[in-house]
Amino acid sequence: RFNLGAWEYNDGQGHLALQHFLISAKLGHTASLDTIKRLLSEGIATEADYTGALQGYEAAIREMSSPSREDARVMGIEKLVRFAARRRRPGY
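Here the structure is a predicted model, which means the values were calculated and not measured.

J.: I'd love a proper account of helix α2 (residues 14-25), names of residues and values included.
T.: With twelve residues, α2 extends 16 Å between its outermost C-alpha atoms, agreeing within 8% with the 16 Å of an ideal straight helix rising 1.5 Å per residue. Taken together, the buried positions of α2 are occupied by G14, A17, L18, H20, F21, L22, S24 and A25.

J.: Give me the pattern of salt bridges: which residues, what numbers.
T.: In this structure the tally under the stated criterion is one salt bridge. R38 serves as the salt-bridge partner of E42, at 3.3 Å between the closest nitrogen and oxygen. Residue E42 and its partner R38 are located together in helix α3 (residues 30-42), separated by four residues, close to a single helical turn. Classification of E42 by relative accessible area gives partly exposed; the value is 38%. You can call R38 partly exposed: its relative accessible area is 40%.

J.: Tell me what's going on with the packing of α2 against helix α4 (residues 47-64), and back it up with residues and numbers.
T.: For any two helices packed against each other, the geometry is given by the interaxial angle and the distance between the axes. As a packed pair, α2 and α4 sit with axes 8 Å apart at the nearest point and diverge in direction by 30°. It follows from the interaxial angle that α2 and α4 lie roughly parallel. Residue-level contacts link L18, L22 and A25 of α2 to D49, A53, G56 and Y57 of α4. Looking at side-chain class alone, the contact of α2 with α4 contains five nonpolar, one polar and one charged residues.

J.: An account of the nonpolar core is needed here, citing residue identities and associated values.
T.: Counting residues in each nonpolar core, the largest one holds 13 residues, and the members touching the most others are L18, L33, I36, L39 and A53. Those elements that place two or more of their residues in this core are α2, α3 and α4. The element best represented in this core is α2, accounting for five residues. If near-sequence neighbours (up to four positions away) are discounted, A53 is found in contact with L22, A25, K26, L33 and I36.

Parameters and conventions
Residues numbered from 1 in each chain as written. Predicted model: local features only at pLDDT ≥ 70, side-chain atom pairs only at ≥ 80, totals over all residues. Heavy atoms only, no water. Helix = DSSP H or I, 4+ residues; strand = E, 2+ residues; numbered from the N terminus. Expected span 1.5 Å × (residues − 1). Buried < 20%, exposed > 50% of the residue type's maximum accessible area, 1.4 Å probe, protein only. Salt bridge = Lys/Arg side-chain N within 4 Å of Asp/Glu carboxyl O. Axes fitted to C-alpha atoms, helices over the stretch in contact; angles between N-to-C directions. Parallel < 35°, antiparallel > 145°, perpendicular 65-115°, else oblique. Contact = heavy atoms within 4.5 Å. Nonpolar A, V, L, I, M, F, W, Y, C, P; charged D, E, K, R; others polar. Core = buried A, V, L, I, M, F, W, Y, C linked by side-chain atoms within 4.5 Å.

The values are spatial; any link to function lies outside them.
If you want it as structure tokens, here you go:
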């Protein structure tokens with residue numbers, strides 16, 4: 001959706017682009033939320049658009065977070081650190 005919005009914006013269709021950015025922001029896409037903020041300063045988006053997008057964004061982020069997802073993220077980072085440490089040792 002973000003890419004569609006960028007394409008529409010570059011084609012001069014700001015209000016259509018806004019609709020794509022609103023959908024992707026409400027799904028948790030950070031760059032879309034940032035773009036809506038910029039469109040607000042350009043007069044394409046309204047305060048209500050940005051507020052709705054921000055609320056949807058925050059809800060999506062909350063929905064995607066969970067203790068087991070955080071545990072998996074930490075375990076993934078730990079594996080990367082162990083892998084990098086092994087590669088630095090001579091003989092490996």
